[in-house]
Amino acid sequence: MSESAGPVVDGPRQAGANQYDLGSFNEAVIIETIRLAGTISRTEISHRTGLTQQSVSRILRILLQQGLLVEQAQERAERLGKPRTPVRLRSKAAHAVGIHIDPELLTVAVVDLDGTIVRRETVDLAKDLQAGKLVDLTAATVTSALSISQVDPASVLGVGVAVPGPIDADGSLLALPLQPAWRGLPIRKLLHERLNHPVLVEKDGTAAATGERWIGRSARARDFAYLYLGTGVGTGLILNGSIYRGGTANAGEFGQIAALRVGEWDAENGPRLVPECNPTASLPVIAAEFGYVEKDTNATDEAKRYKAVCKAVADGDEAAVQAVRQIARVIGQGAVGLVDLLDIDLVVLGGPAFMPEISAIFLAEIGRAVNAHPLARETRPVEVEESILQTDAAAIGAASTIFHDAFTPRVSGSSQARRLPK
């Protein structure tokens, strides 16, 4: 299940092979090239992939016949005056369902090949919801979303599920700190039985990074770390052009890195997870320590209290601003560890807790940290950017894991291979 560094490269040139027996690989290379470009001519595909124009034309005929591509109106070539007909992916040719299971909220999104949400459903989850009820509710919500969206059932490639980690290789939820009743739930197997679609389970941060890579096209065709602010802070990694999941699909546990960077240790001399790495819970508490006064003193809903502090930041409340800055600085220290370890020059921030009111502070503080402290700072300026996906990053990312699995070129049998279970 691991997808570590390997031969897949998301740069402007995807190297293909002209041998006929590698046709399926070459088809994937061409699809990836078209996806990155958006709209592209046959000549440019040949240039970027290294495939002959004859090979490109033959494969494009197949993909056009399959309905995966469409041709744009003819354009006049600038130099030779010959008309050319660019191609692009046909958005309705394929769909995927993305599910984000958060301890408090279920989000289901039906997504087309362009990353557009065709149908979105959300359901509040009770704190005492039992595991069996969670599966039933999720399956029913997916069925409803697919029915209302009226997409062609044959175009649905599969269902991606984004969950807080850790998870195991079979798609079970392990050791969830906020929902002990769901621990060990074989959610992939149970959803597959109910939905009769292939199902992939991914950590929410990893799913968000996959969506950023898929939807971001050429703007995200490079290595990056995605800092996902949700139930805690997680990390999704795109390395050597592909998703890095690690040996057990649990790569990206950010809290440990941040704890080590700021020197927080528990009684057994291990890293003590710092409150700042669970901002939805800690922000109101830290803000109160700076003198912030909650308007609704009876509020117990964690999400509402968090949003109230974020709104106070927008209103100029200095205590709220100081609290957000403290959290951003601690997360920034963890980001320094990522940048130094991985030698990356892009960090993306997103997730449901990355609210618009606090985005400027986070971008500034983390940007300052990753450009001031890493050892290679003089040779590697690091960009810190806001996610393209916004608050639905995990749901869209979960759907994108299906597209990534279906269409990303990889060498058969390599460590990159991760195909949907049948």
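Structure shown above.
Residues numbered from 1 in each chain as written. Predicted model: local features only at pLDDT ≥ 70, side-chain atom pairs only at ≥ 80, totals over all residues. Heavy atoms only, no water.

Here's the deal with the overall build of the protein chain
Okay, so step 1: When you go through the protein chain residue by residue, the secondary structure sums to twelve helices and 14 strands.
Okay, so step 2: Counting every atom, the protein chain has about 18500 Å² of accessible surface; 50% of that belongs to carbon and sulfur. (Helix = DSSP H or I, 4+ residues; strand = E, 2+ residues; numbered from the N terminus. Areas by Shrake-Rupley, 256 points an atom, 1.4 Å probe, with all protein chains shown as cover.)

Structural notes on the packing of aromatic side chains
Okay, so step 1: Enumeration according to the criterion identifies four aromatic pairs in this entry.
Okay, so step 2: For the pair W214 and F403, a centre-to-centre distance of 5.8 Å together with 25 degrees between the ring planes defines the contact as stacked. Separated by 189 residues along the polypeptide, W214 in helix 6 (residues 204-216) and F403 in helix 12 (residues 393-407) bring together distant segments of the chain. Comparing W214 with F403 shows no difference in burial state: the two are buried.
Okay, so step 3: Seen in terms of ring centroids, W214 and F407 are 6.4 Å apart; in terms of plane orientation they differ by 25 degrees. Their pairing is stacked. Note that W214 is positioned in helix 6 and F407 in helix 12, a separation of 193 residues in sequence.
Okay, so step 4: Three or more aromatic residues link up through ring pairs in this structure, and these residues are W214, F403 and F407.
Okay, so step 5: Between R35 and the ring centre of W214, over which it is positioned, the NZ or CZ distance is 4.5 Å. (Phe/Tyr/Trp six-rings, centres within 6.5 Å; stacked < 30°, edge-to-face > 60°. Buried < 20%, exposed > 50% of the residue type's maximum accessible area, 1.4 Å probe, protein only. Lys NZ or Arg CZ within 6 Å of the ring centre and 35° of its normal.)

Some thoughts on helix 6
Okay, so step 1: Here helix 6 contains 13 residues, and its C-alpha end-to-end distance of 18 Å stays within 8% of the 18 Å for a straight helix at 1.5 Å per residue.
Okay, so step 2: In terms of burial, helix 6 is largely enclosed, as 13 of its 13 residues are buried.
Okay, so step 3: Following helix 6 by one or two positions, R217 adopts a phi angle in the positive range, close to 50 degrees. (Expected span 1.5 Å × (residues − 1).)

Some remarks on unusual backbone geometry
Okay, so step 1: Going from G165 to P166, the amide bond is cis rather than trans, its omega being 0 degrees.
Okay, so step 2: Secondary-structure assignment places P166 in the loop between strand 8 (156-163) and helix 5 (187-195).
Okay, so step 3: The backbone phi angle of N196 is positive, close to 55 degrees, even though this residue is not glycine.
Okay, so step 4: Looking at where N196 falls in the secondary structure, it is placed in the loop between helix 5 and strand 9 (199-203).
Okay, so step 5: Judged by relative accessible area, which is 64%, N196 ranks as exposed.
Okay, so step 6: Even without a glycine there, the phi angle at R217 is positive, about 50 degrees.

Section: the sheet that holds strand 14 (residues 383-386)
Okay, so step 1: Spatially, five strands are ordered 12-11-10-13-14 in an open sheet, and the strand pairing comes out mixed. Each of the sheet's edge strands pairs with one partner strand only, and the pair in question is strand 12 (242-244) and strand 14. Looking at each pair of strands side by side, their axes are set apart by 25 degrees on average, direction ignored.
Okay, so step 2: As defined by bridge partners, strand 13 (residues 346-350) adjoins strand 14 across four bridges and the pair is classed as parallel. Each bridged residue has a counterpart across the sheet, and for V348 the counterpart in strand 14 is E385.
Okay, so step 3: Of the strands in this sheet, strand 10 (224-230), strand 13 and strand 14 are in contact with helix 11 (residues 356-372), which crosses strand 14 at around 160 degrees. (Pairing = 2+ DSSP bridges. Axes fitted to C-alpha atoms, helices over the stretch in contact; angles between N-to-C directions. Contact = heavy atoms within 4.5 Å.)

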